[in-house]
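What follows is each chain in one-letter form.
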Amino acid sequence: MIDVLALGEVMLRFDPGEGRIRTTRTFQVWEGGGEYNVVRGLRRCFGLRTAVVTALADNAVGRLVEDLVLQGGVDTSLIRWVPDDGIGRTARNGLNFVERGYGIRGALGVSDRAHTAVSQLRKGDIDWDTLFASGPRWFHTGGIFAGLSDTTVDVADEAMAAARRHGVTVSYDPNYRPSLWAGRGGADRAREVDLRLARHADVVVGALGLAGPYPGAVRVGRDEVPDALAEVARRLPSARVLATTLRGVPSAGVNDWSSAAWSPTDGFVAGPDLPGLQVLDRIGSGDAFAAGLIHGLLTGTGLERALAYGTAHGALAMTTPGDVSMASLAEVEALVAGGSAAVRR
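Residues numbered from 1 in each chain as written. Predicted model: local features only at pLDDT ≥ 70, side-chain atom pairs only at ≥ 80, totals over all residues. Heavy atoms only, no water.

Draft legend 1. Main features of the sheet that holds strand E3 (residues 28–32). One open sheet accounts for four strands, arranged E3-E2-E6-E7; its pairing is mixed. Each edge of the sheet is formed by a strand with only one pairing partner; in this case those strands are E3 and strand E7 (108–112). Sheet twist, expressed as the average angle between the axes of neighbouring strands with direction ignored, equals 25°. Sheet topology note: the strand E2 (residues 11–15)/E3 ladder contains five bridges and is antiparallel. Counterpart to Leu 12 in the pairing with E3 is Glu 31. (Pairing = 2+ DSSP bridges. Helix = DSSP H or I, 4+ residues; strand = E, 2+ residues; numbered from the N terminus. Axes fitted to C-alpha atoms, helices over the stretch in contact; angles between N-to-C directions.)

Draft legend 2. Fine view of the nonpolar core. Counting residues in each nonpolar core, the largest one holds 52 residues, and the members touching the most others are Trp 128, Phe 139, Leu 236 and Leu 242. For Phe 139, the residues in contact, after removing those within four places along its chain, are Leu 5, Ala 6, Leu 7, Trp 128, Phe 132, Ala 159, Met 160, Ala 163, Val 168, Thr 169, Val 170 and Ser 171. Listed in part, the 46 residues of the second largest apolar core include Val 10, Val 69, Leu 293 and Val 332. (Core = buried A, V, L, I, M, F, W, Y, C linked by side-chain atoms within 4.5 Å. Buried < 20%, exposed > 50% of the residue type's maximum accessible area, 1.4 Å probe, protein only. Contact = heavy atoms within 4.5 Å.)

Draft legend 3. Quick look at the pattern of salt bridges. Taken as a whole, this structure holds 22 salt bridges when the rule is applied. A salt bridge links Asp 281 to Arg 13; the shortest N-O distance between them is 2.7 Å. With Asp 281 in the loop between strand E14 (274–278) and helix H9 (285–298) and Arg 13 in strand E2, the pair connects residues that are 268 residues apart, well separated along the chain. Arg 13 shares its class with Asp 281; the two are buried. Measuring nitrogen to oxygen at the nearest pair gives 3.0 Å for the salt bridge that ties Arg 92 to Asp 112. Taken as a pair, Arg 92 in the loop between strand E5 (79–82) and strand E6 (95–99) and Asp 112 in strand E7 lie far apart in primary sequence, 20 residues in all. (Salt bridge = Lys/Arg side-chain N within 4 Å of Asp/Glu carboxyl O.)

Draft legend 4. Focus on the environment of Leu 297. In this fold, Leu 297 is placed in helix H9. Residue classification places Leu 297 among the partly exposed positions, given a relative accessible area of 23%. Here the alpha-carbon distance between Leu 297 and Ser 285, two residues twelve residues apart in the chain, equals 18 Å. Non-local contacts of Leu 297, meaning those with residues more than four positions away in its chain, are made with Trp 138, Val 203, Val 241, Leu 303 and Ala 306.

Draft legend 5. Structural context of the packing of helix H5 (residues 150–165) against helix H7 (residues 186–198). At a closest axis distance of 10 Å, the pairing of H5 and H7 adopts a crossing angle of 15°. Considering their axes alone, H5 and H7 lie roughly parallel with respect to each other. Like other packed secondary-structure pairs, H5 and H7 cross with a definite hand, here right-handed. Touching Val 153, Asp 154, Ala 156, Asp 157 and Met 160 of H5 are Val 193, Arg 196 and Leu 197, all from H7. Residue composition of the contact of H5 with H7, by class: five nonpolar, no polar and three charged. (Parallel < 35°, antiparallel > 145°, perpendicular 65-115°, else oblique. Left-handed = near helix turned anticlockwise from the far one by under 90°. Nonpolar A, V, L, I, M, F, W, Y, C, P; charged D, E, K, R; others polar.)

Draft legend 6. Here's a closer look at the side chain of Asn 175. Within the secondary structure, Asn 175 sits in the loop between strand E9 (169–173) and helix H6 (178–181). Within the structure, the side chain of Asn 175 is placed 3.1 Å from the side chain of Arg 177, a separation counted as a polar contact. Those residues in contact with Asn 175, other than ones at most four positions away along the chain, are Gly 34, Gly 143, Ile 144 and Asp 287. (Polar contact = N/O pair within 3.5 Å; in protein donor to acceptor, adjacent residues only side chain to side chain.)

Written out as structure tokens, the structure is:
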């Protein structure tokens, strides 16, 4: 039986290490994707049984992605395999080239994901009622999947509505990516889709993405976060938890890292504060935060401790390369308890 189910794209990430995409001669590959990274963290760090609903073109690249997902312990039985035509004319697998950045040079992502197999999913392709009747406790998806195509919006809506019918807790992360919405209505269309889908959600991660008139319209200062979350709560009256990471970026290698949340019962809750955090690779840290938060909420720790789990897990994810977390639960627990980076023997 699956504990947590995610719906999203899983791409093959090409990482030039300390180099640049445009000058490197070698890449290391990882799997990654906004929604997938959450269930990967919940499986590997927190020990929950997880699965991902996605689609891949059935070729050697797709099977490499599958092998990486299997190494992460995530159930692959719900992957839809699309026949490969040899050149990706009808369906292909997504590629993501990512530089980590250093100092004054920020991280850079160059994605190659148009016409991927998962972007062609349509409403009715997945029997969600049967899937949710099998007993998962939590369902997660987000704005990256919804932004892949006009049809994926409807698939996410269908899935979230079915999860709610079956009493499954639903989380949603707006996770705005301008490149996905260019030529398709831009930020205004993304905001319309996010509000449509987030109304199905019990938990909204990255909730500050719904503040202001459209994504990126306002920069929310630390002292403005309580009011901004209250604004989002008025837009989503059925939400049980709104959560967000808070990040300052003095440089690519040093981030100030914290979090905050709101719920109808707790009101505003501030998360742990980790200023001057040394960063190796920040990609996927928000997804790691979501995984820790979901773990805390599923285990009934209370919102404050759930925030602490999310903040600690996200911080540790930034200390290793790749999208996915390599942290252990013991490391997360130690950081939540105020642990240091001293050598352990």
